[in-house]
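Results of the structural survey
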Amino acid sequence: MAPSNPLANWERLGSSFYRKVPLYHSVFGEDVELENYIVAGAPYGGAIALYRDESKPLRFRDAQTGKSNIDIYSRSGKLINRLNWEHGTIRGLGWSDQEELLVITEDGTVRRYFGLYGDFTSFSLGNGAEEYGVRACRFWNSGFVALLANNQLIAVSSYNEPRPRLLAQCPEGEVASWSLIPPAYTLSRSVEVLLAVDKTIYLVDPTEAEDKVLQNGPFKHASVSPTGQFVALLTAEGKVWVVSSDFQSKYSEYDPDSRVTPRAVEWCGNDAVVIAWEDEVHLIGPNGAAARYWYDGTVHVLPEFDGVGLLTNDTYEFLHKVSDVTETIFRLGSTSPASVLLDSIDLLEKKSPKADDNIQRIKPSLPEAVDMCVKASGLEFDAYWQKRLLKAASFGKSVLDLYNSDEFVEMTEKLRVLQAVRDFQIGLAVSYDQYMRLTSEKLIERLVNRRNYLLAIRISEYLQLPADKIYVHWGSSKVKVSTVDDEAVCKLIVQRLDGKPGISFEAIAQAAYDEGRSHLATQLLNHEPRAGKQVPLLLNMEEDEIALDKALQSGDDDLVNYVLLHLKSKLPIASFFRMINTRPMASALVETTAREEDPELLKDLFYQDDRPLDGSNVLLSDALKESDLPRKQEKLLLASRLLSDSKDPTLVLHRNLLNESSQLLKTQEALDKDLAERSEFLGLSLNETVYRLIRSGYGRRAQKIQSDFKMPERTYWWLRLRALVAKRDWGELEEIGKIKKSPIGWEPFYNEILGAGNTKLASVFVPKCTNLPAEERIEMWVKCGMIVKAGEEAFKAKDINTLELLQAKASGPSAVEIGRMINQLRPKK
C-alpha cells in the first residue's frame, strides 16, 4: 500500500495549518440516516449515542423503526448496544468524561448509564423541572445544566452525588441560544451560563444574571472555547464573532456568505471555530481566515478539547490543528534538523553516503531533532509515518554517544496501544493528546466497558498494569448473560480466574445476586479468600448462618461482632440464641459484650442456656450496684429464685447465701434505725456488722446476729478480739483471759494486745499458750519486757545457753536472779 502524503488535507489558516485526518470509512449502513438523528459523542474519541430526532417526520415505519431506541456506536460505526426507550421525551443527551451516558427527559428525570450495556442509576432534577418541563441541556465533563421552559437554569455539578441547584433568576424572553463555561474555568469555581435573550447575552451564575449589554442579537449560536477564554457568537446577520469570555474584547469576525442558520457552531481546539450546515463545514481561524469542506450527506460535529470529530454516514474524520513539531518536520522546504533527519532515512535505505553527510551537518542539533521526531510520531495517525519518524529517531540516537532513550521507548509503547484501540473493530478514535489526558487506566476501562476483555488484558500486561478489575468485570458480565446452570457458570469462572492475583469473587457474587441468582452468588463467595468481603454480601442475601460461620472461621472478632449485631437486630431473641448456642465462640463474644453493654441480654442468654448460677450472679452484681434498698432486696430475691429449683449442693449454697444477704440487709436497716443517727450498718458484710457492733459496745446484739446467722464460733471470737482491742477495752479482755479455753487459742490475744502496746495485759496470756514450744514462750516474755519470767521458762527447759543470753540482756536484780538459775543448772565439781 502506497504511503499517504503527510501534507494531505492540510489547510492554512493565517499562520497555522489545520488538517482533516480520515480515520474510518463506511461507518454506517443505509439503514441509518444521520440527518434524522440527534448525535452525542463521548469525550476522548469515545462512543456515540444516536437518538431519533422527534422533530423530523418519518418517511415510513415498520415494526423496528416504530420503537424509540438510543443506539450506542463506536466511532467506526460498530453497534455496541441498543437501549429501548419508552420513558418520555428526551431533552438532553450527553456524556461524562467517564463515558457514562446521561439522558434527561422533559419531566426532569435523569438517567446515568454506566458500562454502555444498560445499567443505570437515576435521579430527579426537582426545582420545578416537572412543573415547567426541561427545554434543553448543555454538558461538560463532570456535570450539566438544564434549561427549563420558564428560562430557569438547574445545574448538576457531580454525577456521583447529584445535588441539583437553581442558578440565579433568568430574564424573561425567548432564549435564542445558550452555552456554559465549566467550573474549572470560572473565577467563582461554579458553572456559569451564557444565555442569549433578545439582542443581548446574560452571564448567569448561582448569585446573579449579568447583562453583557450587546446589541447584535438575537445570537443564534453561542459556543465557549475548551479553556473558557473565548466565545464564538452567531449574530442576527449570520456573522460569526469571536470575543473574550468577559465580552470586553472582539478578536475576529467572519461572514459565511449564507443566511441559512448553521446546525452547529463548535470550537476546534482553542484557536479555531467550526460552523456546520447539513453538508457543509467552515473552519474559521484567527483574523477571519477560513477553510471550507463539502460532504455528500449530513455531517455531525463532535467537539474534543484538541479538535473536532466530523461524522457522516460514510466517514469519520478528525479535524485538528497541526502541531508546531509536525509542521516543522513536514512543511514544504523545511530545513529543520528534524526534517533533515527524516530525509536521511530515505538516503539510508538507498545506502547513499549523503545520509552520513546529513547527520554530520545537523550533529550539534541532533538530540533536539531526535526528540522532535519522537514527539511527532505520537501526533501522527498513519502507522507508516509513525514508523518512519521512529526509525529516524532511532537512527539519530544511534549516532549520539549519550542519549536517554526512555521517551523513545515510552512512545513506542503508547503508539502500539493507540494503534490497537483505533482499530476498526474497536473504534476508539483517541488522539495522542487525548490519550495523555485520559491515562492508560481509563483507556483500559473503556475497553472493559465494551467487553473487549482480551485486548484490555493484553494492554494491561504490556503496560505492566494490574488486570484484576478486568477479570472481575468479565466474571460479572458472564453471570449476567449466561443461560447455563449455576454450577457450570461457577466452575467456568473459577477455572478462568484461578491463580489470578487480586481477584474479588465478592464483586462477581454481587453481580449474580443482583441478577436474582442467589445460589450462584453463594457458590462464588466460597472462593472469596477474604472473609471481610464475603460476610456483608451473605448478610445482604439473608444467608445468616453461612455469614456467621464465615466470620467465625476468619478469627476476626470485629467481623464476628458485626455479624452478631446484625443478627440481633434482625432476629427474634430466641432465634438469635438458638443460632449462637451451637457456636461457642459466638456465644462467648455475645456474653463478653453483654457483660459490658447489655445486662438484660446477658440475663436472657443465661436463661436460654439454662445457666441459673450465671444468671443469678448477674442479678447479684446488679444488687450490689443498687443504692435503693427495696430494689437491692428485690434483685437479691430474684437471684435466689433462679436457684430455687436446683438440688445441686453448690447452687443450694449460693441460694442460702443470697437469702442470708437479703436477711442481713433487713437486720442492718433495723440497726440503723435503732442505734445510729445515720446509715452506718447498711451495706456492710456480716463480719463488718458484728465487728462494728462490738466496737460500739453492743455486744449482746452482736451475739444475737452470730446466733441468727450461724456465724462460726472461731470467726466471732476473732471479730470480738479485734473489736475489743480497737476499742481498748482492756477490762473485758482481762475477763476473757480468765476463761479456761478459747476457740481460737490464746496466742492471737497475746499478739493483738501486744500490737496495741499493752505489754502487761499481753503477758497474762503467755502462760495460757501451753501448746507453744518453750523457745516461743521465752521470746513472748522477752517482748513483754519480763526477762526473769523468760529465764524461768528457760530454767524449766534446762536451757543454759538461753539463760546466758538472757543474763547478757538483763541488769541489776534480774541479772542476779538469772545467774542463780544458771548456777543451779551447772554440774557441781
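Along each chain, residue indices are assigned from 1 in the same order as the chain's sequence is written. Where totals are concerned, whole chains, interfaces and linings use all residues; where local detail is concerned, this predicted model gives features only for residues with pLDDT of at least 70, and gives and counts side-chain atom pairs only at 80 or more. Think of the side-chain values as coming from all heavy atoms in the structure, minus any hydrogens and water.

1. Quick word on empty space enclosed by the protein
- Detection works on a 1 Å grid of protein atoms alone, calling trapped sets that fit a 1.4 Å probe cavities and calling open sets with protein on both sides within 12 Å along at least five of seven lines pockets, with lining residues defined by an atom within 4 Å of a point. Grid points are joined across faces, edges and corners, and a volume is the space filled by probe spheres set on the points. Tallying each qualifying case throughout the model produces 2 cavities of 30 Å³ or more.
- Roughly 40 Å³ of internal volume is contained in the largest cavity.
- Lining the largest cavity, in full, are Asp97, Gln98, Leu438, Lys442, Glu445, Arg446 and Asn449.
- Labels follow the DSSP assignment, with helices taken as runs of H or I lasting at least four residues and strands as runs of E lasting at least two, numbered in each case from the N terminus. Top contributing element to the lining of the largest cavity by residue count: helix α9 (residues 440-449), with 4 residues.

2. So, the sheet that holds strand β16 (residues 192-197)
- A pair of strands is treated as paired once DSSP finds two or more bridges between them. Pairing is antiparallel across the open sheet formed by 4 strands, whose spatial order is β15-β16-β17-β18. Of all the strands in the sheet, just β15 (175-181) and β18 (209-211) have a single pairing partner and so form its edges. Across the sheet, the mean angle from the axis of one strand to that of its neighbour is 25°, orientation sign disregarded. Every angle, taken between N-to-C directions, lies between 0 and 180 degrees, and every axis is a line fitted to C-alpha atoms, over only the stretch in contact when it is a helix.

3. A look at the packing of helix α3 (residues 337-349) against helix α4 (residues 354-362)
- Close contact between α3 and α4 brings their axes to 8 Å; oriented N to C, the two are set at 165°. Between α3 and α4, the angle is such that the two are roughly antiparallel. Along this stretch, α3 crosses α4, giving a crossing that reads as left-handed. Of α4, the residues touching α3 (which contributes Pro337, Val340, Leu341, Ser344, Leu347 and Leu348) are Lys354, Ala355, Asn358, Ile359, Arg361 and Ile362.
- In this classification, Asp, Glu, Lys and Arg are treated as charged, Ala, Val, Leu, Ile, Met, Phe, Trp, Tyr, Cys and Pro as nonpolar, and every other residue, Gly included, as polar. Residues that form the contact of α3 with α4 fall into these classes: 8 nonpolar, 2 polar and 2 charged. Here the word oblique covers every angle except those under 35 degrees (roughly parallel), over 145 (roughly antiparallel) and from 65 to 115 (roughly perpendicular). In this scheme, a crossing is called left-handed if the near helix is turned counterclockwise away from the far one by less than a right angle; it is called right-handed if the turn is clockwise. Residue contacts are defined here by distance: any two heavy atoms, one from each residue, within 4.5 Å place the two residues in contact.

4. Looking at the pairing of strand β22 (residues 250-254)
- By the bridge criterion, 4 bridges tie strand β21 (residues 240-244) to β22 in an arrangement that is antiparallel. Within β22, the position partnered with Val243 by the bridge is Lys250.
- Counting the residues between successive antiparallel strands, the hairpin from β21 to β22 contains 5 residues, one of them, Phe247, with a positive phi of roughly 65°.

5. Quick word on the packing of aromatic side chains
- In this scheme Phe, Tyr and Trp rings, the latter by its six-membered ring, pair at centre separations within 6.5 Å, and the angle between planes marks the pair as stacked below 30 degrees, edge-to-face above 60, and tilted otherwise. Scanning all chains against the criterion turns up 18 aromatic pairs.
- Arranged with centres 5.7 Å apart and planes meeting at 40°, the rings of Phe139 and Phe144 form a pair that is tilted.
- Three exposure classes are used, based on accessible area relative to the maximum for each residue type with a 1.4 Å probe and protein chains only: buried under 20%, partly exposed in between, and exposed over 50%. By relative accessible area, Phe144 is classed as buried at 0%.
- Our definition puts a charge over a ring when NZ of Lys or CZ of Arg is within 6 Å of the ring centre and also within 35 degrees of the ring normal. Lying over the aromatic face of Tyr117, Arg451 brings its terminal NZ or CZ to 3.7 Å of the ring centre.

6. A look at the nonpolar core
- Nonpolar core, defined: a set of buried Ala, Val, Leu, Ile, Met, Phe, Trp, Tyr and Cys residues in which side-chain atoms within 4.5 Å join the residues together. Formed by 88 residues in total, the largest nonpolar core has its most connected members in Ile329, Leu341, Val479, Ile493 and Leu524.
- When residues in this core are grouped by element, the largest group, 8 residues, is from helix α5 (residues 366-379).
- Counting 45 residues, the second-largest nonpolar core is a separate cluster that includes Leu684, Ile705, Trp717 and Cys784.

7. Let's talk about the pairing of strand β10 (residues 120-124)
- Strand direction decides the pairing type here: strand β9 (residues 109-113) and β10, joined by 5 bridges, are antiparallel. When the sheet's bridge partners are listed, Arg112 is paired in β10 with Thr121.
- Where β9 folds back on β10, the antiparallel hairpin that results is connected by 6 residues, among which Gly115 adopts a positive phi of roughly 90°.

8. Some details on the layout of surface pockets
- Roughly 1,000 Å³ of internal volume is contained in the second largest pocket.
- Around the second largest pocket, the lining comprises 31 residues; the ones closest to its centre are Glu445, Val448, Asn449, Lys469 and His473.
- Elements with a minimum of two residues in the lining of the second largest pocket: α9, α11 (468-481) and α13 (505-514).
- By residue number, the principal contributor to the lining of the second largest pocket is α11, which donates 8 residues.
- Considering only residue class, the lining of the second largest pocket consists of 10 nonpolar, 10 polar and 11 charged.

9. Examining the side chain of Arg112
- Here Arg112 shows up in strand β9.
- Two N or O atoms form a polar contact when they lie within 3.5 Å of each other; inside protein one atom must be a possible hydrogen donor and the other a possible acceptor, and for residues adjacent in sequence the pair counts only when both atoms belong to side chains. In terms of polar contacts, Arg112 uses its side chain to reach the backbone carbonyl oxygen of Tyr159, at 3.1 Å.
- Of note is the side chain of Arg112, whose polar atom sits 2.9 Å from the side chain of Asn160.
- Discounting chain neighbours no more than four positions away, the residues touching Arg112 are Glu100, Leu101, Leu102, Asp119, Phe120, Thr121, Tyr159 and Asn160.

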